[in-house]
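What follows is each chain in one-letter form.
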Amino acid sequence: MQKILILDFGGQYNQLIARRVRECNVYCEVKPWTTPLAELRAFGPVGIIFTGGPQSVYLEDSPRVDPDIFTWGVPILGICYGCQLMAHLLGGKVTPAQDDSAREYGKTLTYYDTSCQLFRNLPAEGVSWMSHGDYMAKVPDGFSLTARSDACPNVAIADEARGFYGVQFHPEVSHTQHGVDMIRSFLYEVCRAKGDWTMGDYKKTAIARLREKIGTGKVLLALSGGVDSSVAAALLAEAVGNRLTCVFVDHGLMRLNEGDEVEKAFSRWDLNLVRVDAEARFLLKLAGVDEPERKRKIIGEEFIRVFEEEAKKIGAVDFLAQGTIYPDVIESGAGEAAVIKSHHNVGGLPDFVDFREIVEPLRMLFKDEVRQLGRELGLPEYLVNRQPFPGPGLAIRIIGDVTKEKADTLRQADFIFREEMARAGEDKKLNQYFAVLTNTLSVGVMGDGRTYDHTLALRAVTTSDFMTADWARIPYELLDKVSTRIVNEVKGINRIVYDITSKPPSTIEWE
Ligand code: XMP
């Protein structure tokens, strides 16, 4: 199998690059910049991508790579920091942008030289996503300028004879028009990739790795009934059969009827399934807590304590498996990336976990890849296509402290929203939609009387990777219907707002 090496310099979007490469049916691995050169060479890549990163190349302790890498005769694509590093190491000059106009952030109109292989057959101009404060004051010998913006003359550089390409923008981010085409062009036209990798290959490799790791041991899987843990269950069931026990913890913060639905869906299969009713203990631990990160950590820890207790009942369970996926990892602050929020199964884990090892077979995949793998494993569409529901559940959709009463109110409102979305057929067009109970109280008037009740926010987004998302333009008539129904049918809510922010700068969940 042909391989692409992604050399990681610590940016937010590094796994997104990997995901784009896989999307082009080419196998790749992300390795840290500290990996010894001999190991990188032994990997045998047909092409290399240098990722972005938060540092400046001219600082003494910034991430580097041995310049020997440029003598291998393997094509290299440098993205953002990776582009600047390539320029810096090959004799160019990178400096802080002199004035704010050369510092670029966000969507930027960019003009491409379409005679360059990277941009061939693409429109000569389009929007690209920039995020850089440094500037290539001098490009290295042998390189030419292949793209510019209004503020910056050297947005992309290339030395086509040697197969070296650099872009200051992020082609891996969906905001860059034709970004995937540029990556595909690098893979297929420059690196001569054949596209010989599929999700079927991923499945085979993942099963073989799980068998090797688990041996004859027993595994407990944290099952929420969501897409990720369901796919992890199917993968593990295939790898270790009935040495797997799936534990579904109902923490009392599930959506309406969800506990029963999950139990019903999974009892159809030949799986060891345990349902634990843990509402009282979760609500007790959360009482009076309103800080989002504290809530997440409390929930993360309580899940583990329940799993440990269940593992003791089964006996001799070495491994705890989780359906962690890549966005959970990166947002929890992996490597040098900032903590955005501690996903309950990553940053929310307690320091001590009483299992020999945590197994996370989906840790490097994005949501849509997990769905593809689910199909590959023969999971039914209704499970594969479920909208995501976060492990901490309604606790992070109730702003402020969590009580059973608030959870019940939100459950009813959320159910109405989902019911109306499904009736209107909007559910098929959107990737996630839900209600949030805010801690804002406001004055209303109902039946000639004054009310002073909660404001409910509706959130609906479209996204493919859940790392970036756009707010959904759902019809006003539908919003109107949902609003009228919720205010009439759910006690304690007298105002409805619709969230019209994208991610970034927002996140999908409110906490
Ligand atoms: P954000 O809010 O970070 O959400 O834009 C991205 C996706 O992740 C889900 N999410 C979680 N899933 N545990 C989970 O299993 C968590 O702690 C968690 N926090 C956010 C969120 O619903 C969205 O799909």
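Counting restarts for each chain: residues are numbered from 1 in the order of the written sequence. Given that the model is predicted, a residue must reach a pLDDT of at least 70 before its local features are reported, and side-chain atom pairs must reach 80 or more before they are shown or counted; all residues, however, enter totals for whole chains, interfaces and linings. To obtain the side-chain values, all non-hydrogen atoms of the structure were included, while hydrogens and water were left out.

Caption draft 1: Expanded view of the overall build of the protein. Within the protein, the secondary structure is distributed over 14 helices and 20 strands. Each principal axis of the C-alpha distribution contributes one length, and for the protein these read about 75 × 65 × 40 Å. Relative to its full complement of 511 residues, the protein shows a buried share of 58%. Long-range pairs, those at least 24 residues apart, make up 73% of the contacts in the protein with a sequence separation of at least 6. Note that His is not counted, nor are the chain ends; the positive residues are Lys and Arg, and the negative ones are Asp and Glu. Lys charges are placed at NZ, Arg charges at CZ, Asp charges at CG and Glu charges at CD. Measuring between centres, the 60 positive side-chain charges of the protein sit 3 Å from its 72 negative side-chain charges. We count a stretch as a helix when DSSP gives it H or I for four or more residues in a row; a strand needs E for two or more, and each element gets its number in order from the N terminus. Whether a residue is buried, partly exposed or exposed follows from its accessible area with a 1.4 Å probe, protein chains only, as a fraction of its type maximum: under 20%, in between, or over 50%, in that order. The contact definition used throughout considers only heavy atoms, calling two residues in contact when any of these lie within 4.5 Å.

Caption draft 2: Spotlight on the domain arrangement of the protein. Residue ranges for the domains trace back to a domain assignment, done automatically or taken from a database. Considered domain by domain, the protein is made up of domain 1 (3-190), domain 2 (199-384) and domain 3 (403-498). Listed per partner, the contact involves six residues of domain 1 and four residues of domain 3. Summed over both partners, the accessible surface that disappears when two parts come together, traced with a 1.4 Å probe, is what is meant by buried area. Between domain 1 and domain 3 the total buried area reaches about 390 Å² when both faces are included, carbon and sulfur atoms providing 55% of it. Any Lys or Arg side-chain nitrogen located within 4 Å of an Asp or Glu carboxyl oxygen qualifies as a salt bridge. Scanning the region where domain 1 abuts domain 3 turns up zero salt bridges. We define a polar contact as two N or O atoms separated by no more than 3.5 Å, with the added condition that, inside protein, one atom must be a possible hydrogen donor and the other a possible acceptor, whereas residues neighbouring each other in sequence contribute only through side-chain atom pairs. On inspection of domain 1 and its partner domain 3, the count reaches zero residue pairs in polar contact (both at pLDDT 80 or more).

Caption draft 3: Inspection of the sheet that holds strand β12 (residues 218-222) at higher detail. We call two strands paired when DSSP finds no fewer than two bridges between them. With parallel pairing, the five strands of this open sheet are ordered in space as β14-β13-β12-β15-β16. Strand pairing shows two members of the sheet lacking a second neighbour, β14 (272-277) and β16 (357-359), which therefore form its edges. Taken pair by pair, the neighbouring strands of this sheet meet at an average axis angle of 30°, ignoring direction. Two strands pair when backbone bridges link them, and β12 and strand β13 (residues 244-250) are joined in this way by four bridges, in the parallel orientation. The residue of β13 that forms the bridge with leucine 220 is threonine 245. Lines fitted to the C-alpha atoms define the axes, with helices restricted to the stretch that makes contact. Angles between their N-to-C directions range from 0 to 180 degrees. Contacting β12, β15 (317-321) and β16, helix α5 (residues 199-214) runs over the sheet at an angle of about 165° to β16.

Caption draft 4: Helix α7 (residues 258-267), seen in detail. Within the span of α7, buried status applies to Glu258, Gly259, Val262, Ala265 and Phe266. End-on view of α7: buried residues confined to an arc of 135°, all on one side of the axis. To be clear, the arc concerns the directions from the helix axis to the C-beta atoms.

Caption draft 5: Representation of the pattern of salt bridges within the structure. All chains considered together, the criterion is met by 41 salt bridges. For lysine 213, the salt bridge goes to glutamate 357, with nearest N and O atoms at 2.5 Å. You can see lysine 213 sitting in helix α5 and its partner glutamate 357 sitting in strand β16, a full 144 residues away along the chain. Judged by relative accessible area, glutamate 357 falls into the partly exposed class, the value being 29%. Across the salt bridge formed by glutamate 302 and arginine 281, the nearest N and O atoms sit 2.9 Å from each other. In this pair, glutamate 302 is assigned in helix α9 (residues 292-314) and arginine 281 in helix α8 (residues 279-286), connecting sequence segments 21 residues apart.

Caption draft 6: How the structure looks around a nonpolar patch on the surface. Taken together, the side chains of Leu441, Val443 and Tyr452 present a nonpolar region at the surface, about 270 Å² in accessible area. Summarising the element assignment, leucine 441 is placed in strand β17 (residues 432-446). The class of leucine 441 is partly exposed, set by a relative accessible area of 37%. Without a salt bridge and with relative accessible area above 30%, a residue can belong to a patch; like charges are then joined within 9 Å and nonpolar side chains (Val, Leu, Ile, Met, Phe, Trp, Tyr) within 5 Å. All accessibility values rest on the Shrake-Rupley procedure with a 1.4 Å probe; residue burial counts only the protein chains present in the view.

Caption draft 7: Looking closely at the environment of valine 155. One can find valine 155 in the loop between β9 (144-149) and β10 (156-159). Accessibility expressed as a relative area gives 0% for valine 155, which makes it buried. Between the C-alpha atoms of valine 155 and tyrosine 135, which are 20 residues apart in sequence, the distance is 9.0 Å. Not counting the four nearest positions on each side in its chain, valine 155 is found in contact with Glu104, Thr110, Met130, Ala147, Arg148, Ser149, Gly166, Val167, Gln168 and Phe169.

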